[in-house]
Amino acid sequence: MKPTVGIVGGGILGLTAAYRLLQQGVDVTLFERSHDLGGLVGSFDFEGRPADRFYHVVLPTDDRVRGLATELGLGEDFEFRPTLTGFYDRERLFSMSTLREFATFPLLAPHDRVRLASFVLRCQRTNDGDALDDVPLLDWLRKTCGKRTVARLWEPLLDSKFDGEYDDLPATYMWARTKRMSKTRDAAGRELMGWLRGGYQRLVDTLADRIRELGGTINAGVAVSAVAGSASGVHGIAVDGVVQEFDHVLCTLLPPQASRLLPDDVSMRVPDHCRYLGVICVIVRADHSVSPYYTLNITDRRIPLTTVVETTHVIDPEFSGGHLVYAAKYVDPSHPDLARPEADVAEDYLGYVERMFPNLDRKAVQAVSVQRARMVEPVHALGGRKRIPDMHPVPGLSLASTAHVYPEIVNGQAVIGVADRAVAGILERLPTVGIAKAA
């Protein structure tokens, strides 16, 4: 008999874990509440053309993403293109895409630009962020970049990203982000970003096909009602009150969502120390390019958005049927825009984009969509490494989610890394009979 594992959640984490377990000879059954697989990296029908619900990018250094795609026969289908980064401040656009533009960046004084360059270099050379876990982010930035740069640059960006609550963040947040993004430049100094032709949804669909080919079962459109068991051991997954027995259960939901399924005595063993961000994305498909930048950072807080991303600087506009612009705002899960009528949110956010880019003609707008999620990104406060949830809290149960992404930033590369760690722990805990060890 093969060992059996039940997986709750059909996002990229759950699907990757299912695929890896099947490769090891484990019998896998996956449950996904939605009829669609992929979760936050999935796509939707945007008036006749597929589009990502939320913007995603693949970096040349994302070896886990590219490696998994290569295993699935998609390794030759990545496209990487030079991109530009901009800033919007005081109703003006500024480019910060080349070393020359960095050296003449008008938002900072010359001395502050030198300190900022030194800060970036320091992040690049620091390989281990453990020492930064207990260091307050703002104190660290003021010491390394200077008070003027923090007030002029970092505080507005942090305010927009964390919906005003960022005083308790560790220095690891900016270190990890800066280190990741500094690796995107080619030999000529150009920033490179890419996509898998067809988007992450293609990776998801190919994963699902391979899982079925290997004998795994995917139950989409099936809501799990409970994880069966107790603190002494978990033994199955309940759907509509009927328990399906498994040797091991992997739940890939975020802790607040997982706790509603877990037995009370199990939930008590895995306290959740994170807070969470939701996101609102108003997606505009236009006849023409709107922004010269892939990413626009907004330091002018009169525009209450986190960023504007024109993904078709990377994605082929022919695939999307036009140019896609994401007006995004990260918010506290209680933010009213998560519940406001879609038409009102769309009108407001589109108005912000028009204010920043007067060249956007409403007649050129083909379609507008509002995509929202109340809980997408965990926020780890100071000392977060010591409070990462236990991935294997009781016998027969593993919990793995984006809450385990730390100090990395949440992205496909990091999530696949969490899946690999979860699978390694599960294999150590499963009966060994029937498991075919990988060569």
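That block above? That's the structure.
The following refers to the structure shown. (Residues numbered from 1 in each chain as written. Predicted model: local features only at pLDDT ≥ 70, side-chain atom pairs only at ≥ 80, totals over all residues. Heavy atoms only, no water.)

**A short note on unusual backbone geometry**
Part 1 of the argument: Cis rather than trans, the peptide bond between Y406 and P407 has omega equal to 5°.
Part 2 of the argument: Relative to the helices and strands, P407 is located in the loop between β19 (397-399) and α13 (412-429).
Part 3 of the argument: Phi angles above zero are rare outside glycine, and E47 is one such case at about 50°.
Part 4 of the argument: Relative to the helices and strands, E47 is located in the loop between β3 (43-46) and β4 (49-52).
Part 5 of the argument: Residues other than glycine seldom take positive phi values, yet D163 does so here, at roughly 55°. (Helix = DSSP H or I, 4+ residues; strand = E, 2+ residues; numbered from the N terminus.)

**Looking at the sheet that holds strand β12 (residues 242-245)**
Part 1 of the argument: Strands sit in the order β10-β11-β12 across an open sheet of three strands; the sheet is antiparallel. Bordering the open sheet on either side are β10 (226-230) and β12, each of which pairs with just one other strand. The mean angle between the axes of side-by-side strands here comes to 40°, regardless of whether they run parallel or antiparallel. (Pairing = 2+ DSSP bridges. Axes fitted to C-alpha atoms, helices over the stretch in contact; angles between N-to-C directions.)

**Re the packing of aromatic side chains**
Each pair of aromatic rings is reported with the distance of its centres and the angle of its planes.
Part 1 of the argument: Inspection of every chain in the model, using the stated rule, returns ten aromatic pairs.
Part 2 of the argument: An angle of 65° between the planes, with centres 5.3 Å apart, marks the rings of F119 and W140 as edge-to-face. Of this pair, F119 sits in helix α4 (residues 110-125) while W140 sits in helix α5 (residues 137-145), and the two are 21 residues apart along the sequence.
Part 3 of the argument: Classification of F119 as buried rests on a relative accessible area of 1%. (Phe/Tyr/Trp six-rings, centres within 6.5 Å; stacked < 30°, edge-to-face > 60°. Buried < 20%, exposed > 50% of the residue type's maximum accessible area, 1.4 Å probe, protein only.)

**Structural notes on the pattern of salt bridges**
Part 1 of the argument: Applying the stated criterion to the full structure yields 27 salt bridges.
Part 2 of the argument: A salt bridge links R64 to E408; the nearest nitrogen and oxygen atoms lie 3.5 Å apart. Of this pair, R64 sits in helix α2 (residues 63-71) while E408 sits in the loop between β19 and α13; the two residues are 344 residues apart in sequence, bridging distant segments of the chain.
Part 3 of the argument: On the accessibility criterion, E408 (38% relative accessible area) is partly exposed.
Part 4 of the argument: Connected via shared salt-bridge partners are D77, E79, R81, R197 and R202. (Salt bridge = Lys/Arg side-chain N within 4 Å of Asp/Glu carboxyl O.)

**A short note on the side chain of D62**
Part 1 of the argument: Take D62: it is sitting in the loop between β4 and α2.
Part 2 of the argument: Overall, D62 belongs to the buried group, its relative accessible area being 2%.
Part 3 of the argument: The contact partners of D62, leaving out residues within four places of it in the chain, are V57, R180 and Q413. (Contact = heavy atoms within 4.5 Å.)

**Observations concerning the nonpolar core**
Generally speaking, soluble globular proteins have nonpolar side chains that are buried together.
Part 1 of the argument: Residues F119, W140, L141, W154, L158 and M174 are the most contacted members of the largest nonpolar core, which totals 52 residues.
Part 2 of the argument: One finds I7, L21, I218 and V415 within the second-largest nonpolar core, a separate group that totals 44 residues. (Core = buried A, V, L, I, M, F, W, Y, C linked by side-chain atoms within 4.5 Å.)

**Points about the sheet that holds strand β9 (residues 217-220)**
Part 1 of the argument: Judged by pairing direction, the sheet is parallel, and its five strands sit side by side in the order β9-β2-β1-β13-β19 without closing on themselves. The open sheet terminates on both sides in strands that have one partner only, identified here as β9 and β19. Recorded for the sheet is a direction-independent mean angle of 15° between the axes of neighbouring strands.
Part 2 of the argument: For strand β13 (residues 248-251) and β19, the ladder comprises three bridges, and the chain directions are parallel.

**Brief notes about the environment of L72**
Part 1 of the argument: Counting through the fold element by element, L72 comes out in the loop between α2 and β5 (78-83).
Part 2 of the argument: The class of L72 is buried, set by a relative accessible area of 6%.
Part 3 of the argument: Taking C-alpha positions, L72 is 38 Å from L157, a pair spaced 85 residues apart along the chain.
Part 4 of the argument: Every residue in contact with L72, bar those within four places of it in the chain, is listed here: Y19, L203, T206, L207 and R210.

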